[in-house]
Each structure stands twice: as structure tokens, then as C-alpha cells.
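# Examination of the molecular architecture
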Amino acid sequence: MKICKFETVLELSQWTADFICKSAEVCIKEKGFFTIVFSGGSSPSKLYSLLSTYEYASRMNWGKTYIFWSDERFVEHEDDNSNYKLAYEQFLSKASIRESHVFPIPVSGTPAESAELYEEQIKKFFKKKTLCSPDTTPVFDIVLLGMGGDGHIASLFPKSPALDEKQKLVVAVKAPLYAPSRDRISLTFKLINNAKDIIMLIPGKEKQKLIKQLASGVGNIKIPAQMVRNTDNTYLLIDNDYS
Ligand code: 6PG
């Protein structure tokens, strides 16, 4: 895991936006398309607004870029708790990216039905793009992640049976009582850890105790964030509020 420390959340977000632009350029040159998984929560908010600015948007080939989500609260996409809504307001509403290139997590029917539907959509996308077989685990080019105050990643919370899911790529989960929106849909670690690059954006000081645990790398798994694979293309981004 590469730990990158920045003075401010703006610098952290600028570094990430630049990383995304560079990765997209390489991926599109190599295979003709680029996939990125947006995380939920507020940490990526500055990044999303940067991606809609000319400085970064002009470097991106949105016609060959495809956007997915790591997880979603099971609420309408217009709901203030919706992860899609945050990305829409900060980025999608200002970007020139076609709707067919954006894959919000469905929030219709039951949570289980939506999880199944999203898994089908992901598999169908990658089958079309890479001709991979249905049982091949797709490889997203970049997965963005935040980390909750309890060390959760996406909507994979401590002690959740979803942490050990080995077959499914997307699951319906019940978040703990303290979390906003209990019904959630989340990618599993089987899919998250199969990405080319993982970027964990964890600005601010309120999670520094957990970041120490996370940065320690080895040792017994205490928080879900420690189940993110510990490889050279996993980036842990923190800012100076973390001393
Ligand atoms: C969610 C998110 C979650 C988020 C962390 C960090 O739906 O809750 O996907 O995993 O990334 O809770 O949230 P903040 O960035 O707001 O601290």
C-alpha cells in the first residue's frame, strides 16, 4: 500500500484527479475504454467537482469513460442520502458524459433484487467490452473508496457477513443502526480487490486512529478497511489534518 500525504484535501483531490486523467489516457490507448468506480460519502466531493472543471474535464475522453459506484444507500437517487446524488450535483450535472456511460446502482424493487441487477449490469458491460466469460471477475481500472468512522469500506461494515462473500460481486446489506440508511447495496471485496488501482481517500483528522491501524498493514484484521488488498497499486491518501 502506498501512503500519500497531502497538505490539504484540495491537494489530495488534485492529485487524484490527475491520477484519473493519466490512467484514463493509458487505458483508452491500451484497450479503448476506461472504467472508474465512484465511492460514496463526502470525502470525494472536492474531487468530483474538480473533474467537472475545464482543467481536468478537457483531459478526459468521456466518450470512452464509464462510471460505476462502490455502494449506494437504498433510497431514491434524489434523496440527500444518495451517493449518486452527491456525484450528480458535484460532477455529472456539469460533465459532458452520456447517460449510457453512467451506471448508478439501481434502487428499485428489493435491495436483493437491486444488488442482483447491478451485478448483471456490471457483468454484461464487461462481457461486451472484453468478451470475458460470465464467471470472470471484472477488472475495474480505478476503484475509489472512502472509509467510515468504524472502518467500513463501501457499505461493508464491521462484523457483516458480506465481508466474507466469495461468490457474489454485489450484495444487499443491512448497515448498523448508527449508519444513515440501513438498507444498502455494496460491491464485495471479491470485486473491489480485483481492480487495477484502488485509491482510498481519507482526508481529515477524525479517522487518524483507524488510519494508523490501516497503515500498519499486516496483523490481525480489526476493521473492514484492512481487507482492502495491500499491494503497490493501492493508494492511501491522507492530508495534514492527520498528524
Ligand atoms: C457510504 C460510503 C462510505 C463512505 C465512508 C466515508 O455510503 O457511506 O460509501 O463507505 O465512503 O462512510 O464517508 P465520508 O467520506 O463522508 O467520511
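Everything below is about the structure printed above this text.
Residues numbered from 1 in each chain as written. Predicted model: local features only at pLDDT ≥ 70, side-chain atom pairs only at ≥ 80, totals over all residues. Heavy atoms only, no water.

### Here's the deal with helix α5 (residues 111-130)
What counts is decided by this rule: Runs of E in the DSSP output that reach at least two residues are strands. Runs of H or I that reach at least four are helices, and both are numbered from the N terminus. The span expected for a helix works out to 1.5 Å for each residue beyond the first. For every residue, the accessible area (1.4 Å probe, protein chains only) is compared with the maximum for its type, and the residue is labelled buried under 20%, exposed over 50%, or partly exposed between those bounds. The arc in question is formed by the directions pointing from the helix axis toward the C-beta atoms. Note on contacts: a residue pair is in contact if any heavy atoms of the two residues lie within 4.5 Å.
With 20 residues, α5 extends 28 Å between its outermost C-alpha atoms, agreeing within 8% with the 28 Å of an ideal straight helix rising 1.5 Å per residue. What α5 keeps buried is the set Pro111, Ser114, Ala115, Tyr118, Glu119, Ile122, Phe125 and Phe126. In an axial view of α5, the angular spread of the buried residues amounts to 140°, which keeps them on one side of the axis. Facing away from the buried side of α5 by more than 90 degrees, the exposed set consists of Glu116, Lys124 and Lys128. Looking at the buried side of α5, the elements it contacts are β2 (34-38), β3 (65-69), β6 (170-174), β7 (183-187) and α6 (189-192). A positive backbone phi angle near 55° is found at Leu131, which sits one or two residues after α5.

### Overview of the site of the ligand
Counted only if it meets this: By convention in this text, a residue qualifies as near a molecule or strand provided that one of its non-hydrogen atoms is within 4 Å of it. Residues adjacent in sequence count toward polar contacts only when both atoms are side-chain atoms; beyond that, a polar contact is any pair of N or O atoms within 3.5 Å, and within protein one must be able to donate a hydrogen and the other to accept it. Accessible surface is estimated by sampling points in the Shrake-Rupley manner with a 1.4 Å probe; for residues, cover comes only from the protein chains shown.
The environment of the ligand is formed by 14 residues, the closest being Ser43, Asp71, Arg73, Ala154 and Lys207. The separation between an oxygen atom of the ligand and a polar side-chain atom of His152 is 2.9 Å. In this structure, Lys207 approaches the ligand through a side-chain N or O atom, which is 2.6 Å from an oxygen atom. Protein contacts shield 88% of the accessible area of the ligand, which totals 410 Å² for the unbound molecule.

### Brief notes about the layout of surface pockets
Spelled out, the test is: Grid points spaced at 1 Å over the protein atoms alone were grouped into cavities, where a 1.4 Å probe fits but cannot get out, and pockets, open sets with protein on both sides within 12 Å along at least five of seven lines, with lining residues defined by an atom within 4 Å of a point. Grid points are joined across faces, edges and corners, and a volume is the space filled by probe spheres set on the points. In this count, Pro and Cys sit with the nonpolar residues alongside Ala, Val, Leu, Ile, Met, Phe, Trp and Tyr, while Asp, Glu, Lys and Arg are called charged and the others, Gly among them, polar.
Estimated volume of the largest pocket: approximately 330 Å³. Around the largest pocket sit 24 residues that line it, and Gly41, Arg73, Met147, Gly148 and His152 are the ones nearest its centre. For the lining of the largest pocket, a count of residues per class yields eight nonpolar, 11 polar and five charged. Put simply, the second largest pocket is a space of about 210 Å³. Surrounding the second largest pocket, Tyr84, Tyr88, Leu92, Ile97, Arg98, Glu99, Val102 and Pro104 form its lining. Counted by class, the lining of the second largest pocket contains six nonpolar, no polar and two charged residues.

### Quick word on the packing of aromatic side chains
How we decide: Only centres within 6.5 Å qualify two rings of Phe, Tyr or Trp (six-membered ring in Trp) as a pair; their planes then separate them into stacked at under 30 degrees, edge-to-face at over 60, and tilted for everything else.
Enumeration according to the criterion identifies 19 aromatic pairs in this entry. On the basis of an interplanar angle of 65° and a centroid distance of 5.1 Å, the ring pair of Phe19 and Tyr235 is categorised as edge-to-face. Of the two residues, Phe19 is situated in helix α1 (residues 9-31) and Tyr235 in strand β9 (residues 234-239); the sequence distance between them amounts to 216 residues. What makes Tyr235 buried here is its relative accessible area of 10%. Aromatic ring contacts, followed pair by pair, group Phe33, Tyr66, Phe68, Phe103, Phe125, Phe126 and Phe140 into a single cluster.

### A short note on empty space enclosed by the protein
Summed over all chains, the structure comprises one cavity of 30 Å³ or more. In this model, the largest cavity occupies a volume close to 40 Å³. Ile20, Phe34, Ile36, Phe38, Leu51, Met60, Trp62, Thr65 and Ile67 together form the lining of the largest cavity. Of all the secondary-structure elements, those providing two or more residues to the lining of the largest cavity are β2 and β3. A class-by-class count of the residues in the lining of the largest cavity yields eight nonpolar, one polar and no charged.

### With respect to a positive patch on the surface
We apply this condition: Only residues above 30% relative accessible area that lack a salt bridge enter a patch, with like-charged residues linked at up to 9 Å and the nonpolar side chains Val, Leu, Ile, Met, Phe, Trp and Tyr linked at up to 5 Å. Here, a salt bridge means any side-chain nitrogen of Lys or Arg that lies within 4 Å of a carboxyl oxygen of Asp or Glu. Neither His nor the chain ends is counted toward charge; the positive residues are Lys and Arg and the negative residues Asp and Glu. For the purpose of locating charges, the reference atoms are NZ of Lys, CZ of Arg, CG of Asp and CD of Glu.
Together, Lys64, Lys124, Lys128 and Lys129 line one region of the surface with positive charge. In this fold, Lys64 is placed in the loop between α3 (54-57) and β3.

### Regarding the sheet that holds strand β8 (residues 197-201)
As a reminder, the rule being used: Paired strands, in this sense, are two strands between which DSSP finds at least two bridges. Under this scheme, a helix contributes an axis fitted over its contacting stretch, all axes are lines through C-alpha atoms, and angles between N-to-C directions fall in the 0 to 180 degree range.
Pairing is parallel across the open sheet formed by six strands, whose spatial order is β1-β9-β8-β5-β2-β3. Of all strands in the sheet, those bounded by a partner on one side alone are β1 (2-6) and β3. Shown here is a sheet whose adjacent strand axes are inclined to one another by a mean of 20°, direction ignored. Across the face of the sheet, helix α4 (residues 83-92) comes into contact with β2 and β3 while running at roughly 145° to β3. Helix-sheet contacts for helix α7 (residues 208-215) involve β1, β8 and β9, and the interaxial angle to β9 is about 150°.

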